[in-house]
Amino acid sequence: MEVILGKRAGFCPGVKNTVIKTEKILEQVKEIYCLGQLVHNKQVTEKLKQKGLKIVDDISVVPNNSYLIIRAHGIPKETYKKIKEKNIKALDLTCPKVLQIHKQVENYAKLGYYIILTGEKEHPEVIGTYSFGVPNISVVENLEDIKLAVECINKKDIRNIAVVSQTTFSMEKFEQYTSNLKKMIKKDSNLEINKTICDATKLRQMETTEIARQVELMVIIGGKNSSNTKKLYEISLRECNNAVLVETIDDLYMNYVKRFKKIGIMAGASTPKYVIDEIVQIIENTKTENYMFGG
Ligand code: SF4
């Protein structure tokens, strides 16, 4: 079977750094807390849990004086304060690109701008970034949200508007939303658009589009709760007739895969290399079986 594997499949620099440093610190510290899943991948998280990583949802349950990892997505401003109050020793692994957006948003807020943050409202990175722009900030996840944000801007009579994005947001949606926004705000407004979608995300989405156009089936590997993986799957569904989303080889229905001759593979930013390698190897060693569609 012919396989085209995306060059950009797997860990992005931020996730790679997080996993390596967490593994290292777990060699020295027996128990270390993490707020939320370290990376959106069950297999990676399970391995680290066995080594002493404790995943909790809220800072209130992290004991005073304990150790804590701040994952690549970053945390809200208030959580930094609580970490200090509880004398928690934190290893801040927030991706530098996310930290940069926090600073940008904080500066805009100080200058009196209204901030539009394109992204998913429930995504931890968005929750963190949002906290740096309160009260003049709106998260825009869909077209309806743009209307609500513009209503808010008009009500507050703010003319300086800045747009930033979740680092893993869809490029297409970002372009669409900003162009809609331009048409909806008052003509004398000053609009500053910051394309803060991470290069690793952009390039991976572009490569997925390219590969999906050449193959019969796209296999996207990644956590089912990973937002950047879901986007790769959406792109694949749009550009290719057949696409599947799997976390590991166990999710891949080989009788289905056997129907195709040319298969594209891409993986989300939290997918470890060994999971990708295993799937590539098995597909490459599988023979295509002639199958008459609809026959
Ligand atoms: S996707 Fe980009 S911004 Fe997000 S963690 Fe990875 S490298 Fe950092």
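What counts, and at which threshold
Residues numbered from 1 in each chain as written. Predicted model: local features only at pLDDT ≥ 70, side-chain atom pairs only at ≥ 80, totals over all residues. Heavy atoms only, no water. Helix = DSSP H or I, 4+ residues; strand = E, 2+ residues; numbered from the N terminus. Rg over C-alpha atoms; globule rule 2.2 N^0.38 Å. Buried < 20%, exposed > 50% of the residue type's maximum accessible area, 1.4 Å probe, protein only. Contact = heavy atoms within 4.5 Å. Areas by Shrake-Rupley, 256 points an atom, 1.4 Å probe, with all protein chains shown as cover. Lys, Arg positive; Asp, Glu negative; His and termini not counted. Charge placed at Lys NZ, Arg CZ, Asp CG, Glu CD. Salt bridge = Lys/Arg side-chain N within 4 Å of Asp/Glu carboxyl O. Right-handed = clockwise from strand over helix to strand, strands pointing away. Near = heavy atom within 4 Å. Nonpolar A, V, L, I, M, F, W, Y, C, P; charged D, E, K, R; others polar. Polar contact = N/O pair within 3.5 Å; in protein donor to acceptor, adjacent residues only side chain to side chain. Pairing = 2+ DSSP bridges. Axes fitted to C-alpha atoms, helices over the stretch in contact; angles between N-to-C directions.

Visitor: Please explain the overall build of the chain as it appears in this structure.
Guide: A tally of helices and strands in the chain yields 11 helices and 12 strands. Taken over C-alpha atoms, the radius of gyration comes to 21 Å for the chain, in line with the 19 Å a tight globule of 295 residues would show. For the chain, buried positions account for 52% of its 295 residues. Long-range pairs, those at least 24 residues apart, make up 71% of the contacts in the chain with a sequence separation of at least 6. By element, 50% of the accessible surface of the chain is carried by carbon and sulfur atoms, the whole surface being about 15,000 Å². Averaging the coordinates of the 45 positive side-chain charges in the chain and doing the same for the 36 negative ones gives two points 3 Å apart.

Visitor: Is there a simple way to explain the pattern of salt bridges in this structure?
Guide: Pairing of side chains with opposite charge becomes possible as their charged atoms draw close. Counted according to the given criterion, the structure contains 17 salt bridges. Across the pair Glu31 and Lys54 runs a salt bridge whose closest N-O atoms are separated by 3.9 Å. You can see Glu31 sitting in the loop between helix H1 (13–28) and strand E2 (32–35) and its partner Lys54 sitting in strand E3 (residues 53–56), a full 23 residues away along the chain. Note on Glu31: relative accessible area 39%, which makes it partly exposed. Look at Lys54 and you get partly exposed, because its relative accessible area is 35%. Between Lys202 and Asp199 there is a salt bridge, with the nearest N and O atoms lying 3.2 Å from each other. Here Lys202 and its partner Asp199 are both found in helix H8 (residues 199–212), 3 residues apart, which amounts to about one turn of the helix.

Visitor: Any chance you could explain the pairing of strand E7 (residues 137–140) here in plain terms?
Guide: Every other side chain in a regular strand lies on the same face of the sheet, so the side chains alternate between the two faces. The two faces of E7 match: Ile137 and Val139 on one face and Ser138 and Val140 on the other face are all buried. Tracing the backbone out of strand E6 (residues 114–118), into helix H5 (residues 124–131) and back to the parallel element E7 gives a crossover that is right-handed.

Visitor: What is the right way to look at the site of the ligand in this model?
Guide: Around the ligand, the neighbouring residues are Cys12, Pro13, Gly14, Cys95, Lys97, Thr167, Thr168, Cys198 and Thr201. Taken together, the residues of the shell around the ligand break down into 4 nonpolar, 4 polar and 1 charged.

Visitor: Which parts of the structure should I look at to understand the side chain of Thr196?
Guide: Looking at the secondary structure, you find Thr196 in the loop between strand E9 (190–193) and H8. A distance of 2.6 Å separates a polar atom in the side chain of Thr196 from the backbone nitrogen of Ser165. With near-sequence residues (within four places) excluded, Thr196 lies in contact with Ile101, Gln104, Val164, Ser165, Gln166 and Thr167.

Visitor: Any chance you could explain the sheet that holds strand E8 (residues 160–165) here in plain terms?
Guide: Sheets are built from strands that pair by backbone hydrogen bonding, the pairs being arranged parallel or antiparallel. Across the sheet, which stays open at both edges, the 4 strands sit in the order E7-E6-E8-E9 with parallel pairing between neighbours. At either end of the open sheet lies a strand with only one pairing partner, and these are E7 and E9. Geometrically, the sheet is characterised by an average inter-axis angle of 20° between neighbouring strands, direction not taken into account. As paired elements, E6 and E8 share 5 bridges and run parallel to each other. Residue pairing for E8: Tyr114 is matched across the bridge by Ile161. Relative to the sheet, H5 contacts E6, E7 and E8, its axis offset from that of E7 by approximately 160°.

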